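# Observations on the three-dimensional arrangement
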Amino acid sequence: KVDAVRQKMAGAMRAAGRPDGSVLLCAASKTQNAQTVRASAECAIDVFGENRVQELTEKLAAGAYGAKPVHMIGHLQTNKVKYVVGHAALIHSVDSMRLVDAIEKEAAKLDVVQDILLEVNIGAEASKSGIAPEELPGLLECAHALPSLRVRGLMSIPPAADAPGASRPYFAQMRGLFERAQAAQGGNVSMEYLSMGMSADFADAILEGANLVRVGTALFG
């Protein structure tokens, strides 16, 4: 299954005129047990992604990820920040100043610099977390001044596609936001990752500029 996903990724990179290997594969290992994750860590997976804090901490304790980094890709509540900061290589789902402040405080306490992505609710869906696109410059500006975190990019989950290619306009909007943020970066804002695309639409996301895709079902079934 990893090979099939990798082939599809390679095809999308070629179609987009991008070099092979320019997109990271994040295996979304939600609900997979430590044994399954340990076995899949031997495969061509770049990083693991967890949706739930408890699963992340349990699998880390069990050494399930091997030498691979783990990212927090699910919604993170401020009261769970202490279990994630310093353990997750990257937190994808930062969507409020309150959460930014909580991460900064915890990272300062541990004397680490925590890498984060800001989550944008590109489809303006009430059911999804993430900031509105117009709130992004303000949140970036606030994060700019905080020494214990580093904004490494943006993340988004567009509305569920009802037809092939239906997500591409949302992905293109995200790329536009990402490029504008890149142009204005400096200090502890270093826009490197555009995390978008899941099992159903990661090829489209790559065509529109994603360089980190979060794939679960297509890898684990």
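In short, a report on the structure. (Residues numbered from 1 in each chain as written. Predicted model: local features only at pLDDT ≥ 70, side-chain atom pairs only at ≥ 80, totals over all residues. Heavy atoms only, no water.)

### Quick notes on the overall build of the protein
- The helix and strand tally for the protein stands at 8 helices and 8 strands.
- A compact globule built from 221 residues would reach a C-alpha radius of gyration of about 17 Å, and the protein, at 17 Å, matches this within 12%.
- Dimensions of the protein, computed from the C-alpha atoms along their principal axes, are close to 40 × 40 × 35 Å.
- Put simply, the protein has 221 residues, and 48% of those count as buried.
- A separation of at least 24 residues holds for 58% of the contacts in the protein among residues at least 6 apart in sequence.
- With an accessible surface of roughly 10,000 Å², the protein has 51% of that area assigned to carbon and sulfur atoms. (Helix = DSSP H or I, 4+ residues; strand = E, 2+ residues; numbered from the N terminus. Rg over C-alpha atoms; globule rule 2.2 N^0.38 Å. Buried < 20%, exposed > 50% of the residue type's maximum accessible area, 1.4 Å probe, protein only. Contact = heavy atoms within 4.5 Å. Areas by Shrake-Rupley, 256 points an atom, 1.4 Å probe, with all protein chains shown as cover.)

### Structural notes on the nonpolar core
- Counting 61 residues, the largest nonpolar core has Met9, Ile91, Ile103, Leu118, Val151, Leu154 and Val213 as the members making the most contacts within it.
- Counting residues in hydrophobic clusters, the runner-up holds 9 residues, among them Ala28, Val47, Leu117 and Tyr193. (Core = buried A, V, L, I, M, F, W, Y, C linked by side-chain atoms within 4.5 Å.)

### What about the packing of aromatic side chains?
- Under the criterion given, the structure shown has 1 aromatic pair.
- Directly above the ring of Phe202 sits Lys8, whose terminal nitrogen or CZ lies 5.2 Å from the centroid. (Phe/Tyr/Trp six-rings, centres within 6.5 Å; stacked < 30°, edge-to-face > 60°. Lys NZ or Arg CZ within 6 Å of the ring centre and 35° of its normal.)

### What to know about the pattern of salt bridges
- Across all of its chains, the model carries 12 salt bridges by this definition.
- A salt bridge links Asp46 to Arg6, with the nearest nitrogen and oxygen atoms 2.9 Å apart. Placement of Asp46 in the loop between α2 (34–40) and β2 (47–50) and of Arg6 in helix α1 (residues 2–15) is noted, with a sequence separation of 40 residues between them.
- With a closest N to O distance of 3.2 Å, Glu55 and Arg52 form a salt bridge.
- Of the residues examined, Glu55 reaches a relative accessible area of 14% and is grouped as buried.
- Salt bridges linked by common partners bring Glu50, Arg52, Glu55 and Lys59 together as one network. (Salt bridge = Lys/Arg side-chain N within 4 Å of Asp/Glu carboxyl O.)

### Details of the environment of Arg14
- Here Arg14 is to be found in helix α1.
- Taking the C-alpha atoms as reference, Arg14 lies 19 Å from Met198; in sequence the two are 184 residues apart.

### Looking at helix α4 (residues 97–110)
- Between the first and last C-alpha of α4 there are 20 Å, a value that for 14 residues agrees with the 20 Å anticipated at 1.5 Å per step.
- Of all the residues in α4, the buried ones are Leu99, Val100, Ala102, Ile103, Glu104, Glu106 and Ala107.
- Where α4 is buried, its residues contact β4 (90–94), β5 (114–120), α5 (136–144) and β6 (149–156).
- Just downstream of α4 lies Asp111, where phi reads positive at about 60°. (Expected span 1.5 Å × (residues − 1).)

### Considerations on unusual backbone geometry
- Here the phi dihedral of Thr31 falls at roughly 70°; this positive angle occurs in a residue that is not glycine.
- For Thr31, the position within the fold is in the loop between β1 (24–28) and α2.
- Residue Thr31 is classed as exposed on the basis of its relative accessible area, which comes to 58%.

### Digging into the side chain of Asn211
- Secondary-structure assignment places Asn211 in the loop between α7 (202–207) and β8 (212–215).
- Judged by its relative accessible area of 16%, Asn211 is buried.
- Of note is the side chain of Asn211, whose polar atom sits 2.8 Å from the backbone oxygen of Glu192.
- Among the polar contacts made by the side chain of Asn211, one reaches the main-chain amide nitrogen of Leu194 at a distance of 2.8 Å.
- The contacts of Asn211, once residues within four sequence positions are left out, are Arg18, Ser22, Val23, Leu24, Glu192, Tyr193 and Leu194. (Polar contact = N/O pair within 3.5 Å; in protein donor to acceptor, adjacent residues only side chain to side chain.)

### A closer look at the pairing of β1
- Buried residues dominate β1, accounting for 4 of its 5 residues.
- Note that β1 and β8 share 4 bridges and pair parallel. By the bridge assignment for β8, Cys26 is matched with Arg214.
- Where β1 meets β2, 3 bridges bridge the pair, whose relative direction is parallel. Looking across to β2, one finds that Ala27 is bridged to Phe48. (Pairing = 2+ DSSP bridges.)

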